[in-house]
Amino acid sequence: MPTPSLQRLFTAGVLLALFAPAAFAQVRIVQTNSQGDNISLIDPATNHVVAEVKGVPINHGAAASPDGSRLYFSSEAEQTLHVVDGATLQLTKKIPLSGRPNNISISPDGRRVYVGIVSSPGAVDVIDTASLERVKSIPTKGGIHNVYVTPDGKYLVAGSIAGKLMTVIDQKTDEPVWTLFNEGVRPMAFETNPDGSTKRIFVQLSDFHGFAIVDFAQRKETGRIELPNDIPADKVDKGPFNASPSHGIGVAPDGKTLWVTSRPNARVYTYSLPDLKLLPNPVDLGGRPDWVTFTPDSKLLYIATENTDSVVAIDVAARKEVTRIKVGRSPKRNITMVRR
Amino acid sequence: MLLVPAMTGAAGQKDDLPDGDGKTILLTSCTTCHDLTEVTKLRGFYTRAQWRDVIVTMKEYGAMVDEKQVETLADYLGQNLGKK
């Protein structure tokens, strides 16, 4: 018969075991460095780089399994997908790809990683995460720069600069369903309906300083918003910007705001959702911004600035810079990883 | 165009690339779109065929190079930044 104190200890242990996964979920901002072979992991609690993944030369895209047990990175230099253990951060496998990769994405169930193949004729490589093999290459019109999985997991959305096309692909059949645009398609962000289905896609395009609005159900573009020209002419960065003056866009996880970066203005602008009203107080970034990612609670936003080798942490509610964090060479893509 | 300027990139940095027909093409076709480091970051990783693949992608993106220049550039990059 256990004593009362032992019983209390046992109860505390059970409670700890029950709630530990939630309590100890570990959030990391995973920041690729496009001209290096390392990836920087930032702890949003301290805004310091607390770990590094090494040995992924000229890393481009990043994805994390839903439980954070694995990370995936595409390497432009080696034309491979690197699989990294989420706990040890050690490489576990390199998967050969069908061509030169750009960005990658993972299905919400973690079973498939999709890799945009930018070299001609273009494809989306499909990686089965159980076998860690490339099981298919979905042909596309033009090389793929970015590939996304819609938040409900039902569709892939692939953007091509060369093909000047956004292609929506059925995730079950791997067959294209519909296409849009006749312009180079760059980063995208997704707004969802209450049931999780895709409501709108906000799409950045080649040589356009802003974004297009795509109604997913109607399968058509419903408008475009150009970012403000609110910087004195002598302060505007003249580039070059890879024909992509606006190359970073994200919907906050709470769905309340859309954040869009400007390279010429070195700023990020915020729009309210769903009405797309420009909010005051754009945040100065001090360099050419690239990709954006949020903490799951929508409190913090992280923006890579490629020509300063740093990441700017921003308070979402206040729309103010919190700090700048030095990372590796030419940081671009980033994601948020949660280890449970 | 994913190629290189002569003495300075947009950031004003000097390069260490030798002169040649390929370099002349680089000087006139590339840094209107991106910095020098977008090319030199891949030093030592690609074969001539892979460099050619990159040039073809850039041509598809709108780089103003003709077919003969594609081959000249592929030769140049394969020789000077190629996999050894």
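Before reading on, note that the structure itself is shown above.
Computed from a prediction, not measured in an experiment: that's the story for all the values here.

(A) Broad picture of the overall build of chain B. Within chain B one finds 4 helices and 0 strands. The order of helices and strands in chain B, counted from the N terminus, is α-α-α-α. Taking all 84 residues of chain B together, the buried fraction comes to 45%. In chain B, 66% of the contacts between residues at least 6 apart in sequence involve partners at least 24 apart. Accessible area of chain B: about 4100 Å², with a carbon and sulfur share of 54%.

(B) Local environment of the overall build of chain A. Looking only at helices and strands, chain A has 1 helix and 28 strands in total. For 340 residues, the compact-globule formula gives about 20 Å, and the C-alpha radius of gyration of chain A, at 20 Å, lands near that figure. With the C-alpha coordinates aligned to their principal axes, the bounding extent of chain A is approximately 75 × 45 × 40 Å. Buried positions account for 58% of the 340 residues belonging to chain A. On chain A, roughly 14000 Å² of surface is accessible, and the fraction owed to carbon and sulfur atoms is 53%. Computing the positive centroid from 38 side-chain charges and the negative centroid from 34, chain A places the two 1 Å apart.

(C) Quick peek at the environment of K54(A). All names here are of chain A. Secondary-structure assignment places K54 in strand β3 (residues 48–54). Judged by relative accessible area, K54 falls into the exposed class, the value being 62%. Between the alpha carbons of K54 and D170 there is a distance of 35 Å; along the sequence they are 116 residues apart.

(D) The arrangement of the nonpolar core in detail. Among the nonpolar cores identified, the biggest contains 21 residues, and L42(B), W51(B), I55(B), L73(B), L77(B) and L81(B) are the most heavily contacted of them. Sequence-distant contacts of L81(B), defined by excluding residues within four places in its chain, comprise L17(B), V39(B), T40(B), L42(B), R43(B), G44(B), F45(B), W51(B) and Y76(B).

(E) Region of interest: the pairing of strand β25 (residues 300–305) of chain A. Residues and elements named next belong to chain A. Within β25, 6 of the 6 residues are buried, leaving the element largely enclosed by the surrounding structure. Of the two faces of β25, the one carrying L300, Y302 and A304 and the one carrying L301, I303 and T305 are both buried. Sheet topology note: the strand β24 (residues 289–294)/β25 ladder contains 4 bridges and is antiparallel. By the bridge assignment for β25, T293 is matched with Y302.

(F) Just helix α1 (residues 21–29) of chain B, in detail. Residue and element names in this part refer to chain B. Here α1 has its buried residues at G22, K23, I25, L26 and S29. Along the long axis of α1, the arc covered by the buried residues comes to 155°, so they all point the same way. The outward face of α1, more than 90 degrees from its buried face, is lined by the exposed residues D21 and T28. In this structure, the buried residues of α1 make contact with α4 (67–80).

(G) Representation of the interface of chain A and chain B. Residue-level contacts link 22 residues of chain A with 19 residues of chain B. Surface buried jointly by chain A and chain B totals about 1700 Å² across both partners, of which 49% is contributed by carbon and sulfur atoms. For chain A, the biggest contributors to the area lost against chain B are Q35(A), R100(A) and P240(A); these three give 30% of the whole. Here chain A is connected to chain B by 2 salt bridges. At the junction of chain A with chain B, the criterion picks out 8 residue pairs in polar contact (both at pLDDT 80 or more).

(H) View of the packing of helix α3 (residues 48–61) of chain B against α4(B). All names here are of chain B. Where α3 contacts α4, the two axes come as close as 8 Å, and the packing angle between them is 140°. Relative to α4, α3 is oriented oblique. As α3 packs across α4, the resulting crossing turns out to be right-handed. Touching R48, W51, R52, I55, V56 and K59 of α3 are E67, V70, E71, L73, A74, D75, L77 and G78, all from α4. Across the contact of α3 with α4, the residue classes break down as 7 nonpolar, 1 polar and 6 charged.

(I) Representation of the sheet that holds strand β28 (residues 331–339) of chain A. Residue and element names in this part refer to chain A. With antiparallel pairing, the 4 strands of this open sheet are ordered in space as β3-β2-β1-β28. Edge positions in the sheet fall to β3 and β28, since each of these pairs with one other strand and no more. Strand-to-strand twist of the sheet, defined as the mean angle between neighbouring strand axes without regard to direction, takes the value 25°. Sheet topology places strand β1 (residues 26–33) next to β28; 7 bridges connect them, and they run antiparallel. Along β28, the bridge assignment pairs N33 with P331.

(J) Expanded view of the packing of aromatic side chains. For the coordinates displayed, the defined rule picks out 6 aromatic pairs over all chains. Ring centres 5.5 Å apart and planes at 70° place the aromatic pair Y46(B) and W51(B) in the edge-to-face group. The exposure class of Y46(B) is buried, given its relative accessible area of 0%. Note on W51(B): relative accessible area 0%, which makes it buried. Three or more aromatic residues link up through ring pairs in this structure, and these residues are Y155(A), W178(A) and F216(A). Seen from the ring of W291(A), R333(A) lies directly overhead, with NZ or CZ sitting 4.4 Å from the centre.

Criteria and cut-off values
- Chains are numbered independently. Their residues run from 1 in the order of the written sequence.
- Key to labels: chains lettered from A, ligands numbered from 1, both in the order written.
- Two thresholds apply to this predicted model, a pLDDT of at least 70 for residue-level local features and 80 or more for giving and counting side-chain atom pairs, whereas whole-chain, interface and lining totals are computed over all residues.
- Hydrogens and water are ignored here; the side-chain numbers use all heavy atoms of the structure.
- Strands are runs of DSSP state E lasting at least two residues, helices are runs of H or I lasting at least four, and both sets are numbered from the N terminus onward.
- Three labels apply to residues, based on accessible area from a 1.4 Å probe with only protein chains included: buried if under 20% of the type maximum, exposed if over 50%, partly exposed otherwise in between.
- Note on contacts: a residue pair is in contact if any heavy atoms of the two residues lie within 4.5 Å.
- In this description, accessible areas are obtained by the Shrake-Rupley approach with a 1.4 Å probe, and a residue is regarded as covered only by the protein chains that are shown.
- Only C-alpha atoms enter the radius of gyration, while the globule expectation follows 2.2 Å times N to the 0.38, with N the number of residues.
- When charges are counted, Lys and Arg are positive and Asp and Glu negative, with His and the chain ends excluded.
- By convention, the charge on Lys lies at NZ, on Arg at CZ, on Asp at CG and on Glu at CD.
- For our purposes a nonpolar core is just a set of buried Ala, Val, Leu, Ile, Met, Phe, Trp, Tyr and Cys residues, chained together by side-chain atoms within 4.5 Å.
- When DSSP finds two or more bridges between a pair of strands, those strands are recorded as paired.
- In this description, the arc belongs to the directions extending from the helix axis to the C-beta atoms.
- Buried area: the sum, over both parts, of the accessible surface (1.4 Å probe) that disappears when the two are put together.
- Any Lys or Arg side-chain nitrogen located within 4 Å of an Asp or Glu carboxyl oxygen qualifies as a salt bridge.
- In the analysis that follows, any N or O atom pair within 3.5 Å is treated as a polar contact, provided that within protein one partner can donate a hydrogen and the other can accept it, and provided that, for residues neighboring in sequence, both atoms belong to side chains.
- For every element, the axis is a line fit to its C-alpha atoms; helices are fit only across the contacting stretch, and the angle between N-to-C directions ranges from 0 to 180 degrees.
- An angle below 35 degrees is treated as roughly parallel, one above 145 as roughly antiparallel, one from 65 to 115 as roughly perpendicular, and anything else as oblique.
- The sense of a crossing depends on the near helix, which, turned anticlockwise from the far helix by less than a right angle, makes the crossing left-handed and, turned clockwise, makes it right-handed.
- For this classification, the nonpolar set comprises Ala, Val, Leu, Ile, Met, Phe, Trp, Tyr, Cys and Pro, the charged set comprises Asp, Glu, Lys and Arg, and every other residue, Gly included, is treated as polar.
- Only Phe, Tyr and Trp rings are paired, with Trp represented by its six-membered ring, and only when their centres lie within 6.5 Å; those with planes under 30 degrees apart are stacked, over 60 edge-to-face, the remainder tilted.
- Lysine and arginine charges are scored as sitting over a ring when NZ or CZ, respectively, is within 6 Å of the ring centre and within 35 degrees of the ring normal.

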